[in-house]
Protein chains: 2
Amino acid sequence: MMASRRQEVLTAALDLLEEVGIDDLTVRRLAQRLGVQPGALYRHYPSKRALLDAMVGHIVAGAPAPAVPAGDWAGHLRAMAASGREGMLAHRDGARLLATFYDPGPDAVASFMRIVEVLRAAGAAERAAVVATDTVLAYVNGFTMEEQARRAATPRPERDRDFQAGLDLIIAGIGATLPPAP
Amino acid sequence: MMASRRQEVLTAALDLLEEVGIDDLTVRRLAQRLGVQPGALYRHYPSKRALLDAMVGHIVAGAPAPAVPAGDWAGHLRAMAASGREGMLAHRDGARLLATFYDPGPDAVASFMRIVEVLRAAGAAERAAVVATDTVLAYVNGFTMEEQARRAATPRPERDRDFQAGLDLIIAGIGATLPPAP
DNA sequence: ACCTGAACACCGTTCAAGT
DNA sequence: ACCTGAACACCGTTCAAGT
């Protein structure tokens with residue numbers, strides 16, 4: 001209720017993405033689904049690009065970071081990794097969409113810096129903390145991109161296991177540079 | 001000399017990619033550059049997709065793996081990582097092109113398995129070796145994708161340093177699971 | 001505020017016909 | 001073997017005009 005027309009257009013676009021994939025996500029098709037002429041959409045979004053940006057914003061906002069004990073840097077890293085991957089897998093072509101149109105907003109930057117702070121609190125130098133966070137992010141994006149691009153459907157539990165195994169490798173590497181926990 | 005017409009079309013497409021980027025790489029623009037009608041290109045490639053696949057094939061073939069001492073598993077990993085990144089950075093939108101159209105051929109599979117063998121020889125179990133190789137690949141693709149997408153141009157030496165630092169983290173994690181060298 | 005109608009400058013692709 | 005000419009079914013975007 002009280003959904004603005006702009007919101008309805010966004011919702012319809014997300015539904016259409018699920019149905020036809022990003023390559024066939026077309027302004028004209030979207031207009032048809034809304035029962036409207038193509039040009040009418042430009043009253044709500046100034047360009048297709050702006051609409052795709054809004055879709056990406058909706059996708060990243062929909063992946064909430066779960067609560068993690070304050071001192072648990074590895075847990076924070078794992079939570080960030082899992083929620084990033086989950087957000088992409090939740091939508092058809094999610095990884096490609098993010099990779100092409102993601103422009104990190106203020107809250108993405110904030111969540112990045114929160115991880116860096118957690119690592120700093122665990123004893124990492126500033127640059128080491130940034131490198132570690134960037135590395136996990138690159139891994140998540142690279143892994144999920146390939147995972148979603150692959151047509152041959154490896155069973156989900158197996159993919160989860162492989163994702164976790166690679167992440168553990170990186171976390172072990174980070175842990176080796178940190179002072180031992182008390 | 002003795003370049004087939006097919007080859008000339010491919011070369012022109014690679015040049016055009018450099019000039020206009022993948023979003024404006026158009027069959028019609030390519031035809032214009034070759035002084036020919038758009039439909040004529042379909043005598044040489046059955047579809048735009050097939051042409052893009054050929055471009056990707058040319059890009060990955062042009063990144064030769066340098067020779068590395070047989071026992072140096074970390075060196076092998078580093079060489080694979082560097083040549084993968086280099087191949088993508090060598091072309092405008094290279095990472096996006098690879099991510100969207102790369103279908104690993106037999107020699108890509110062979111080079112993957114060579115790394116796995118090197119890790120096995122260093123004492124890794126089969127699955128651990130596969131996970132390690134996959135993890136490095138995911139990192140390389142994720143890092144380079146973001147690196148090339150970023151409009152704000154961080155200086156190249158700095159990007160190299162960051163790439164290396166993240167890779168070292170992963171390699172440290174892998175090393176921790178391996179038996180100590182003699 | 002929202003949409004229509006109609007256009008503009010493009011796309012990828014097919015195919016008979018020419019040389 | 002390679003290309004032309006011409007079409008087909010599409011694109012994203014703009015904009016006066018309608019309600």
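Residues numbered from 1 in each chain as written. Chains lettered and ligands numbered in written order. Predicted model: local features only at pLDDT ≥ 70, side-chain atom pairs only at ≥ 80, totals over all residues. Heavy atoms only, no water.

Visitor: Which parts of the structure should I look at to understand the packing of helix α3 (residues 48-61) of chain B against helix α5 (residues 94-101) of chain B?
Guide: Relative placement of two packed helices is described by the angle separating their axes and the distance separating the axes. Residues and elements named next belong to chain B. At a closest axis distance of 10 Å, the pairing of α3 and α5 adopts a crossing angle of 120 degrees. For the element pair α3 / α5, the angle class is oblique. Handedness of the α3/α5 crossing: left-handed. Contacts from R49, L52, D53, V56, I59 and V60 in α3 reach L97, L98 and F101 in α5. Here the residues of the contact of α3 with α5 sort into seven nonpolar, no polar and two charged. (Axes fitted to C-alpha atoms, helices over the stretch in contact; angles between N-to-C directions. Helix = DSSP H or I, 4+ residues; strand = E, 2+ residues; numbered from the N terminus. Parallel < 35°, antiparallel > 145°, perpendicular 65-115°, else oblique. Left-handed = near helix turned anticlockwise from the far one by under 90°. Contact = heavy atoms within 4.5 Å. Nonpolar A, V, L, I, M, F, W, Y, C, P; charged D, E, K, R; others polar.)

Visitor: What should I look at first to understand the interface of chain B and chain A in this one?
Guide: In many analyses, interface size is given as the accessible surface area lost on bringing the parts together. Across the contact, 22 residues belong to chain B and 22 residues belong to chain A. Of all residues in chain B, the largest losses of buried area upon contact with chain A belong to B:R127, B:A138 and B:L169, amounting jointly to 27% of the total for that side. Taken together, chain B and chain A are joined by two salt bridges. One salt bridge in this structure joins B:D162 and A:R127, with 3.0 Å as the shortest N-O distance. For the pair chain B and chain A, the interface holds two residue pairs in polar contact (both at pLDDT 80 or more). Put simply, the parts of the chain that give the side of chain B that touches chain A at least two residues each are α5, α7 (126-149) and α8 (156-176) of chain B. Looking at the side of chain B that touches chain A residue by residue, the classes come out as twelve nonpolar, six polar and four charged. (Buried area = accessible area lost by both parts, 1.4 Å probe. Salt bridge = Lys/Arg side-chain N within 4 Å of Asp/Glu carboxyl O. Polar contact = N/O pair within 3.5 Å; in protein donor to acceptor, adjacent residues only side chain to side chain.)

Visitor: Please clarify how the layout of surface pockets should be interpreted in this entry.
Guide: Rolled over the atoms, a probe sized like a water molecule indicates the empty space that remains. As a volume, the second largest pocket reaches approximately 160 Å³. B:L89, B:E147, B:Q148, B:R150, B:R151, B:A152, B:A153, B:T154 and B:R159 together form the lining of the second largest pocket. (1 Å grid on protein atoms, 1.4 Å probe; cavity = no way out; pocket = protein on both sides within 12 Å on 5 of 7 lines; lining within 4 Å. Points joined across faces, edges and corners; volume = space filled by probe spheres on them.)

Visitor: Could you clarify how one ought to interpret the packing of aromatic side chains in this entry?
Guide: A ring pair, where both rings are aromatic, is described by two values, the distance of the centres and the angle of the planes. Applying the stated criterion to the full structure yields six aromatic pairs over all chains. Aromatic side chains A:Y139 and A:F143 sit 5.8 Å apart centroid to centroid with 50 degrees between the ring planes, which places their arrangement in the tilted category. With a gap of four residues between them, A:Y139 and A:F143 both fall in helix α7 (residues 126-149), about one helical turn apart. Here A:Y139 matches A:F143 in class, with each residue buried. The ring of B:F163 carries the charged tip of B:R85 above its face, separated from the ring centre by 4.7 Å. (Phe/Tyr/Trp six-rings, centres within 6.5 Å; stacked < 30°, edge-to-face > 60°. Buried < 20%, exposed > 50% of the residue type's maximum accessible area, 1.4 Å probe, protein only. Lys NZ or Arg CZ within 6 Å of the ring centre and 35° of its normal.)

Visitor: Would you take a moment to explain the protein's contact with DNA strand C for this structure?
Guide: Taken together, 15 residues are adjacent to DNA strand C, and A:Q37, A:R43, B:R28, B:Y42 and B:K48 come closest. Between a phosphate oxygen of DNA strand C and a main-chain N or O atom of B:V27, the distance comes to 3.0 Å. In this structure, B:K48 approaches DNA strand C through a main-chain N or O atom, which is 2.8 Å from a phosphate oxygen. Class assignment of the residues belonging to the surface near DNA strand C gives a composition of five nonpolar, five polar and five charged. (Near = heavy atom within 4 Å.)

Visitor: What exactly am I supposed to notice about the protein's contact with DNA strand D here?
Guide: Residues in contact with DNA strand D amount to 14 residues; listed here are only the nearest, A:R28, A:Y42, A:K48, B:Q37 and B:R43. If you look at DNA strand D and keep only atoms within 4 Å of the protein, 57% of those are sugar or phosphate atoms. A:Y42 places a polar side-chain atom, nitrogen or oxygen, 2.5 Å from a phosphate oxygen of DNA strand D. B:R5 places a polar side-chain atom, nitrogen or oxygen, 2.9 Å from a phosphate oxygen of DNA strand D.

Visitor: Help me understand the pattern of salt bridges, please; the structure alone is not making it clear to me.
Guide: This structure, assessed with the given rule, holds 30 salt bridges over all chains. With a closest N to O distance of 3.7 Å, A:D24 and A:R29 form a salt bridge. B:R120 is the partner of B:E126 in a salt bridge, and the nearest nitrogen-oxygen pair spans 3.5 Å. We classify B:E126 as partly exposed; its relative accessible area is 40%.

Visitor: Would you explain the environment of B:L77 in this entry?
Guide: Residue and element names in this part refer to chain B. Locating L77 in the fold gives a position in helix α4 (residues 73-89). The spacing of L77 and Q32 is 45 residues in sequence and 43 Å in space, taken between C-alpha atoms. The contact partners of L77, leaving out residues within four places of it in the chain, are I115, L119, V136, I171 and I174.

Visitor: Please explain the relation of the copies chain B and chain A as it appears in this structure.
Guide: The two chain copies are related to each other by a rotation about an axis together with a translation along it. Note on the copies: chain B fits chain A at an RMSD of 0.0 Å, the axial shift is 0.0 Å, and the rotation between them is 180 degrees. In symmetry terms, the pair is related by a two-fold rotation axis. When the interface residues of chain B are mapped onto chain A, 100% of them again lie at the interface, so the same face is used by both copies. (Least-squares fit on C-alpha atoms with pLDDT ≥ 70 in both.)

Visitor: Would you mind going over helix α1 (residues 5-20) of chain A with me for this structure?
Guide: In an α-helix, one turn spans 3.6 residues; hence positions three or four apart end up facing the same way. Residue and element names in this part refer to chain A. With 16 residues, α1 extends 22 Å between its outermost C-alpha atoms, agreeing within 8% with the 22 Å of an ideal straight helix rising 1.5 Å per residue. Turning to α1, its buried residues number three or more, namely V9, L10, A12, A13, L14, L16 and L17. Those residues of α1 that are buried lie in contact with α2 (27-34), α3 (48-61) and α5 (94-101). Looking one or two places after α1, you find G21, whose phi comes out positive at around 85 degrees. (Expected span 1.5 Å × (residues − 1).)

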